[in-house]
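Here's the letter readout for the chains.
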Amino acid sequence: MSSSGLIFFIVLWFIIILVAIAVPIVIGVLVYRDAKRQEMSSPLGWALVAALAPSLIGLVIYLVVRSSNSEKGE
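Residues numbered from 1 in each chain as written. Predicted model: local features only at pLDDT ≥ 70, side-chain atom pairs only at ≥ 80, totals over all residues. Heavy atoms only, no water.

Describing the overall build of the chain
Rules: Strands are runs of DSSP state E lasting at least two residues, helices are runs of H or I lasting at least four, and both sets are numbered from the N terminus onward. Atoms counted for the radius of gyration: C-alpha only. Globule rule: 2.2 Å times residue count to the power 0.38. It only takes one pair of heavy atoms within 4.5 Å for two residues to be counted as in contact. Per-residue and other accessible areas follow the Shrake-Rupley method at a 1.4 Å probe size, with only the shown protein chains counted as cover for residues. Charge counting treats Lys and Arg as positive and Asp and Glu as negative, with His and both chain ends excluded. By convention, the point assigned to a charge is CZ for Arg, NZ for Lys, CD for Glu and CG for Asp.
Broken down by element type, the chain carries three helices and zero strands. The linear arrangement of helices and strands in the chain, starting from the amino end, is α-α-α. By the compact-globule yardstick of 11 Å for 74 residues, the chain is too spread out, its C-alpha radius of gyration being 18 Å. Counted over contacts in the chain with a minimum sequence separation of 6, partners at least 24 positions apart contribute 41%. Here the chain has roughly 5,700 Å² of accessible surface; of this, 74% comes from carbon and sulfur atoms. The chain carries 5 positive and 4 negative side-chain charges, and their two centres are separated by 8 Å.

Examining helix α1 (residues 3-37)
Basically, it comes down to this: Helix span, expected: 1.5 Å multiplied by one less than the number of residues in the helix. Three exposure classes are used, based on accessible area relative to the maximum for each residue type with a 1.4 Å probe and protein chains only: buried under 20%, partly exposed in between, and exposed over 50%.
Helix length check: α1, at 35 residues, gives a terminal C-alpha distance of 51 Å against a target of 51 Å (1.5 Å per residue), a fit within 8%. Among all positions of α1, only Ile 27, Gly 28, Val 31, Asp 34 and Ala 35 are buried.

See below:
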(Lines give C-alpha, C1' and ligand atoms only; values in the text may rest on other atoms or scores of the structure.)
Protein backbone atom coordinates (compact mmCIF):
# COMPACT_ATOMS: atom_id res chain seq x y z
CA MET A 1 0.00 0.00 0.00
CA SER A 2 1.43 3.38 -0.94
CA SER A 3 1.86 6.14 1.60
CA SER A 4 -0.93 8.26 0.05
CA GLY A 5 -3.30 5.27 0.25
CA LEU A 6 -2.39 4.75 3.88
CA ILE A 7 -2.97 8.42 4.69
CA PHE A 8 -6.37 8.28 2.95
CA PHE A 9 -7.27 5.15 4.95
CA ILE A 10 -6.28 6.78 8.26
CA VAL A 11 -8.19 9.99 7.49
CA LEU A 12 -11.25 7.99 6.46
CA TRP A 13 -11.24 6.00 9.69
CA PHE A 14 -10.73 9.19 11.71
CA ILE A 15 -13.81 10.74 10.08
CA ILE A 16 -15.88 7.60 10.69
CA ILE A 17 -14.87 7.49 14.36
CA LEU A 18 -15.55 11.21 14.76
CA VAL A 19 -19.05 10.83 13.31
CA ALA A 20 -19.71 7.75 15.45
CA ILE A 21 -18.89 9.80 18.55
CA ALA A 22 -20.54 13.08 17.51
CA VAL A 23 -23.94 11.72 16.46
CA PRO A 24 -24.88 10.21 19.87
CA ILE A 25 -23.67 13.37 21.64
CA VAL A 26 -25.82 15.60 19.42
CA ILE A 27 -28.83 13.29 19.85
CA GLY A 28 -28.36 13.30 23.63
CA VAL A 29 -28.17 17.10 23.81
CA LEU A 30 -31.25 17.57 21.62
CA VAL A 31 -33.29 15.00 23.56
CA TYR A 32 -32.23 16.55 26.88
CA ARG A 33 -33.32 20.02 25.76
CA ASP A 34 -36.62 18.73 24.39
CA ALA A 35 -37.41 16.63 27.46
CA LYS A 36 -36.68 19.59 29.70
CA ARG A 37 -38.90 21.86 27.57
CA GLN A 38 -41.70 19.27 27.63
CA GLU A 39 -41.29 19.05 31.44
CA MET A 40 -40.80 15.28 31.27
CA SER A 41 -39.40 13.49 34.28
CA SER A 42 -35.66 12.85 34.25
CA PRO A 43 -34.50 14.65 31.08
CA LEU A 44 -30.93 13.48 31.71
CA GLY A 45 -32.11 9.86 31.81
CA TRP A 46 -33.92 10.26 28.51
CA ALA A 47 -30.86 11.87 26.97
CA LEU A 48 -28.69 8.95 28.07
CA VAL A 49 -31.17 6.38 26.77
CA ALA A 50 -31.45 8.15 23.41
CA ALA A 51 -27.70 8.61 23.05
CA LEU A 52 -26.44 5.23 24.27
CA ALA A 53 -29.03 2.74 22.99
CA PRO A 54 -27.76 0.98 19.86
CA SER A 55 -29.11 1.70 16.38
CA LEU A 56 -31.07 4.78 17.46
CA ILE A 57 -33.64 2.59 19.27
CA GLY A 58 -33.43 4.92 22.29
CA LEU A 59 -34.37 7.90 20.14
CA VAL A 60 -37.36 6.04 18.72
CA ILE A 61 -38.50 5.05 22.24
CA TYR A 62 -38.15 8.66 23.40
CA LEU A 63 -40.20 9.94 20.47
CA VAL A 64 -42.98 7.40 21.14
CA VAL A 65 -43.12 8.25 24.84
CA ARG A 66 -42.95 11.96 24.06
CA SER A 67 -45.87 11.77 21.65
CA SER A 68 -47.98 9.85 24.17
CA ASN A 69 -47.12 12.40 26.86
CA SER A 70 -48.06 15.33 24.63
CA GLU A 71 -51.42 13.69 23.83
CA LYS A 72 -52.17 13.31 27.56
CA GLY A 73 -51.28 16.94 28.20
CA GLU A 74 -53.71 18.29 25.62
